[in-house]
Amino acid sequence: MKLTLKIWRQKNSQTKGKFEVHKIEATPEMSFLEMLDVLNEEIIEKKGEPFAFEHDCREGICGTCSMVINGQPHGPMALTTTCQLHMRHYKDGDTIVIEPFRANAFPVLKDLVVDRSAFDRIIQAGGFVSVSTGQAPDGNSILIEQDVARDAFDAASCIGCGACVAACPNASAMLFTSAKVSHLSLLPQGQVEGAKRVKKMVAQMDKEGFGNCSNTYACEAECPKGISVENIAKMNREYFSAMVSTSDK
Amino acid sequence: MSWISNFLTSSLGKKLIMSLTGLFLITFLIVHLAGNLQLLIDDGGEAFNTYAHFMTNNGLIKFLSYGLYAFILIHIIQGILIALKNRGARASRYAVTNRKSNSFASRNMALLGLLVFFFLAVHMGDFWYKMKFTNELPMVAYAGIGVEVKDLYTRVNMAFQEWWLVAIYMLGLLALALHLWHGFQSAFHTLGLNHKKYTPFIKAVGKIYSIVIPIGFAIIPLYFFFLKN
Ligand code: HEM
Ligand code: SF4
Ligand code: FES
């Protein structure tokens with residue numbers, strides 16, 4: 001199939017970017033990233049500069065393949081990362097607009113690559129879990145109810161891709177932060193530092209310059225892992241209760 | 001005390017303020033509508049004017065009304081500040097956006113709020129200001145109460161003979177309906193109340209509320225415009 005790509009070209013975070021138009025011949029069995037690989041090979045053959053985009057696992061688990069495709073982070077398919085998106089969902093003659101994730105807290109490094117280290121700093125702000133978790137058998141010695149384990153696992157399936165920030169009209173990081181907060185606070189090993197953790201992670205999230213949540217739920221709609229906004233409500237609950245119950249000022 | 005300012009100026013604390021003031025306004029609207037529906041009683045305004053007299057002179061109501069003014073102001077100022085900050089969080093905008101991932105109302109809370117605010121300014125200038133701060137309104141006496149009271153009923157009737165004012169009311173109430181269509185359930189979510197068990201119920205009540213209450217208010221100007229003169 002013949003496609004027209006409008007792809008974002010940006011030298012670095014200091015310069016302004018713009019769209020470049022490229023024509024490409026793709027096959028339905030290619031993944032979206034393979035299609036970009038082919039484009040880059042063609043550009044390199046003509047001694048041009050290939051487009052920079054991030055990818056690692058290419059199997060939907062690492063969360064690096066960030067880009068916005070026709071207005072949707074990770075493209076049009078629900079619960080699908082860019083690397084798992086296939087060209088069979090497009091048809092001959094389509095025009096595809098490819099942009100980087102846009103948020104002040106995620107500055108563009110080059111072309112489609114953005115700096116998502118703000119997420120790392122939010123995780124780091126959460127600090128350590130002081131309970132010694134030991135080896136696998138030790139983990140299993142603490143009995144956890146099935147539905148609690150399920151909710152914790154659902155929250156833990158967040159891959160930190162940043163699509164929630166990219167999709168949010170306010171560039172808010174609430175879905176990511178709340179998934180990380182819930183995943184630990186649901187489990188007994190994580191509850192010891194629970195109150196401190198939620199305070200520190202929210203403070204770091206605010207410091208990174210993400211917008212406020214206005215509960216539009218675009219994050220949940222675009223999240224490739226189906227993280228529920230119920231986690232946001234849970235984090236709000238925990239944050240309010242931590243604020244009025246902890247003794248540190 | 002620094003914890004409390006840290007709390008209330010954090011992103012979640014600001015949202016808590018929006019939610020609580022919003023829920024207070026939601027409660028107020030029910031009371032306000034219940035009182036105003038007395039305008040539909042065809043008694044030459046006795047019931048409504050007596051009620052309006054009570055509302056402007058009762059000590060407790062006066063006290064509560066200061067709370068109401070404060071909450072409206074906090075809600076408006078905080079809402080606008082949040083919306084500006086949110087817009088600023090994405091300096092370079094997308095070339096293409098997907099409008100299906102969220103609702104029109106949820107994306108435009110500040111715009112809808114501003115429309116409600118302009119409506120409120122017109123509305124309060126017309127009735128609240130004239131009632132409380134001027135002697136423009138004629139006085140009437142009823143057998144039921146000993147004193148003469150301001151005839152707000154006649155003023156309301158006069159005002160709603162103007163088609164453009166009725167139109168402003170309809171637009172203001174439409175904006176309010178949309179604001180609450182998203183806002184009602186959003187306020188509960190902000191408070192941390194979102195669970196499969198009860199959220200469908202909250203959402204249903206919110207949708208009913210955001211339709212029924214604005215329609216209830218809309219009936220009043222329509223009644224005067226079409227049926228009274
Ligand atoms: C009687 C009038 C009003 C009622 C009943 C009302 C109610 C609400 C409610 C329940 C919310 C949801 C709070 C939350 O998401 O936690 C809300 C949000 C909001 N309101 Fe109002 N509101 C009113 C008037 C206004 C006015 C006049 C403005 C002026 C700009 C305004 C601006 C906003 C904004 C910007 C938000 C979104 C805040 C956010 O999502 O972070 N509202 N309102
Ligand atoms: S919540 Fe979803 S969209 Fe956000 S970072 Fe995690 S996996 Fe990605
Ligand atoms: S490359 Fe790892 S999730 Fe797409």
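Scoring rules and cut-offs
Residues numbered from 1 in each chain as written. Chains lettered and ligands numbered in written order. Predicted model: local features only at pLDDT ≥ 70, side-chain atom pairs only at ≥ 80, totals over all residues. Heavy atoms only, no water. Near = heavy atom within 4 Å. Polar contact = N/O pair within 3.5 Å; in protein donor to acceptor, adjacent residues only side chain to side chain. Nonpolar A, V, L, I, M, F, W, Y, C, P; charged D, E, K, R; others polar. Contact = heavy atoms within 4.5 Å. Salt bridge = Lys/Arg side-chain N within 4 Å of Asp/Glu carboxyl O. Helix = DSSP H or I, 4+ residues; strand = E, 2+ residues; numbered from the N terminus. Domains from an automatic or database assignment. Buried area = accessible area lost by both parts, 1.4 Å probe. Donors = N, O, S within 2.8 Å, 3.2 Å for Na, K, Ca; no water. Tetrahedral: all angles 85-135°; square planar, octahedral: opposite > 155°, others 65-115°. Buried < 20%, exposed > 50% of the residue type's maximum accessible area, 1.4 Å probe, protein only. Axes fitted to C-alpha atoms, helices over the stretch in contact; angles between N-to-C directions. Left-handed = near helix turned anticlockwise from the far one by under 90°. pLDDT = per-residue confidence, 0-100. Pairing = 2+ DSSP bridges. Phe/Tyr/Trp six-rings, centres within 6.5 Å; stacked < 30°, edge-to-face > 60°. Lys NZ or Arg CZ within 6 Å of the ring centre and 35° of its normal.

**Student:** Could you clarify how one ought to interpret the site of ligand 1 in this entry?
**Tutor:** For ligand 1, the set of nearby residues contains 27 residues, the closest of which are S214 of chain A together with H75, H179, S186 and T190 of chain B. At the site occupied by ligand 1, the surrounding residues belong to chains A and B. At a separation of 3.1 Å, an oxygen atom of ligand 1 approaches a polar side-chain atom of K15 of chain B. By residue class, the composition of the shell around ligand 1 is 15 nonpolar, 11 polar and one charged.

**Student:** Would you mind going over the interface of chain B and chain A with me for this structure?
**Tutor:** Many descriptions give the size of an interface as the accessible area lost when the pieces come together. Every contact between the two is made by 37 residues of chain B and, on the other side, 46 residues of chain A. Our count for the chain B to chain A interface comes out at one salt bridge. Between E230 of chain A and K196 of chain B there is a salt bridge, with its nearest N and O atoms 3.3 Å apart. Summed over the shared surface of chain B and chain A, the result is 27 residue pairs in polar contact (both at pLDDT 80 or more). Secondary-structure elements contributing two or more residues to the side of chain B that touches chain A are α1 (2-9), α2 (11-36), α4 (59-88) and α8 (163-190) of chain B. With five residues, α8 of chain B is the largest single contributor of residues to the side of chain B that touches chain A. Considered class by class, the residues forming the side of chain B that touches chain A number 12 nonpolar, 20 polar and five charged.

**Student:** Sorry, what's going on with the domain arrangement of chain A here?
**Tutor:** All names here are of chain A. For chain A, the assigned domains are domain 1 (2-109) and domain 2 (117-131 + 142-244). A separation of 28 Å is found between the C-alpha centroids of domain 1 and domain 2. Between domain 1 and domain 2, the residue contacts involve 17 residues of the former and 19 residues of the latter. Summed over both partners, the interface of domain 1 with domain 2 buries about 1300 Å², with 65% contributed by carbon and sulfur atoms. Looking at the side of domain 1 facing domain 2, the largest losses of area belong to P73, A105 and F106, adding up to 37% of the total buried there. Our count for the contact surface shared by domain 1 and domain 2 stands at zero salt bridges. Counting every contact that joins domain 1 to domain 2 gives two residue pairs in polar contact (both at pLDDT 80 or more). Class assignment of the residues belonging to the side of domain 1 that touches domain 2 gives a composition of nine nonpolar, eight polar and no charged.

**Student:** Please explain the site of ligand 2 as it appears in this structure.
**Tutor:** All names here are of chain A. Close contacts around ligand 2 come from 14 residues, with C158, C161, G162, C164 and C223 the closest. Those elements giving two or more residues to the shell around ligand 2 turn out to be α5 (163-167) and α6 (174-185). Across the shell around ligand 2, the residue classes break down as 11 nonpolar, two polar and one charged.

**Student:** Hey, could you run me through the coordination of the iron atom of ligand 1 in this one?
**Tutor:** Metal coordination angles in their ideal form are 109.5 degrees for the four-donor tetrahedron and 90 or 180 degrees for the six-donor octahedron. Residues and elements named next belong to chain B. Around the iron atom of ligand 1, the protein supplies H75 (NE2) and H179 (NE2) as donor atoms, at distances of 2.0 Å. In this structure, the iron atom of ligand 1 is coordinated by six donor atoms arranged in octahedral fashion, with angles at the metal of 87 to 179°. Of this pair, H75 sits in helix α4 while H179 sits in helix α8, placing them 104 residues apart in sequence. With a relative accessible area of 16%, H179 lands in the buried category.

**Student:** Can you help me understand the pattern of salt bridges in this one?
**Tutor:** Pairing between side chains becomes possible if they bear opposite charge and their charged atoms approach one another. Residues and elements named next belong to chain A. Under the counting rule described, the total for this entry stands at 15 salt bridges over all chains. Residue R121 is joined to E208 by a salt bridge in which the shortest nitrogen-to-oxygen separation is 2.7 Å. One end of the pair, R121, is in helix α2 (residues 117-126); the other, E208, is in the loop between α8 (194-207) and α9 (218-222), with 87 residues separating them in the sequence. Residue class for R121 comes out partly exposed when judged on its relative accessible area of 35%. One salt-bridge network, in which partners are shared between bridges, spans R9, E20 and D111.

**Student:** How should the packing of helix α4 (residues 146-156) of chain A against α6 of chain A be read in this particular structure?
**Tutor:** For any two helices packed against each other, the geometry is given by the interaxial angle and the distance between the axes. All names here are of chain A. Direction vectors running N to C along α4 and α6 enclose 145°, while the axes themselves pass 8 Å from each other. Remark: the crossing between α4 and α6 carries left-handed chirality. Side by side, α4 and α6 meet where A152, A155 and A156 of the first sit next to A179, S182 and H183 of the second. The residue inventory of the contact of α4 with α6, partitioned by class, reads four nonpolar, two polar and no charged.

**Student:** Honestly, the confidence of the model for chain B in this entry has me stumped. Any pointers?
**Tutor:** A low pLDDT means the predicted coordinates there should not be read in detail. On average, chain B scores 95 in pLDDT, and the residues at 70 or more come to 100%. Predicted complex metrics record ipTM = 0.93 and pTM = 0.95.

**Student:** Looking at this structure, I do not really get helix α7 (residues 152-159) of chain B. What am I missing?
**Tutor:** Residues separated by three or four positions in an α-helix point in the same direction, a consequence of the helix having 3.6 residues per turn. Buried residues dominate α7 of chain B, accounting for six of its eight residues. Along its buried surface, α7 of chain B packs onto α3 (46-57), α6 (109-133), β2 (148-150), α8 and α9 (199-227) of chain B.

**Student:** Looking at this model, I keep getting lost on the pairing of strand β1 (residues 2-9) of chain A. Mind explaining?
**Tutor:** Residue and element names in this part refer to chain A. Counting buried positions along β1 yields six of eight residues, so the element is predominantly enclosed. Bridging between β1 and strand β2 (residues 18-25) involves eight bridges; their strand directions are antiparallel. Within β2, the residue paired with L5 across the bridge is H22. With four bridges connecting them, β1 and strand β5 (residues 95-99) associate as parallel partners. Counted as the bridge partner of T4 is T95 from β5.

**Student:** Got a minute to help me understand the packing of aromatic side chains in this structure?
**Tutor:** Within a pair of aromatic rings, the relevant descriptors are the distance that separates the centres and the angle that separates the planes. Summed over all chains, the structure comprises 25 aromatic pairs over all chains. The interplanar angle of 0° and the centroid separation of 3.6 Å between the aromatic rings of F119 of chain A and F176 of chain A together place this pair among those described as stacked. You can see F119 of chain A sitting in helix α2 and its partner F176 of chain A sitting in helix α6, a full 57 residues away along the chain. Assigned by exposure class, F119 of chain A and F176 of chain A land together as buried. Judged by centre distance (5.8 Å) and plane angle (75°), the rings of F127 of chain B and F160 of chain B are edge-to-face. One end of the pair, F127 of chain B, is in helix α6; the other, F160 of chain B, is in the loop between α7 and α8, with 33 residues separating them in the sequence. When sorted by exposure, F127 of chain B lands in the same class as F160 of chain B, which is buried. Taken together, F119, F127, Y153, F160, Y169, Y223 and F224 of chain B form an aromatic cluster joined through their ring pairs. The ring of F51 of chain A carries the charged tip of R9 of chain A above its face, separated from the ring centre by 4.0 Å.

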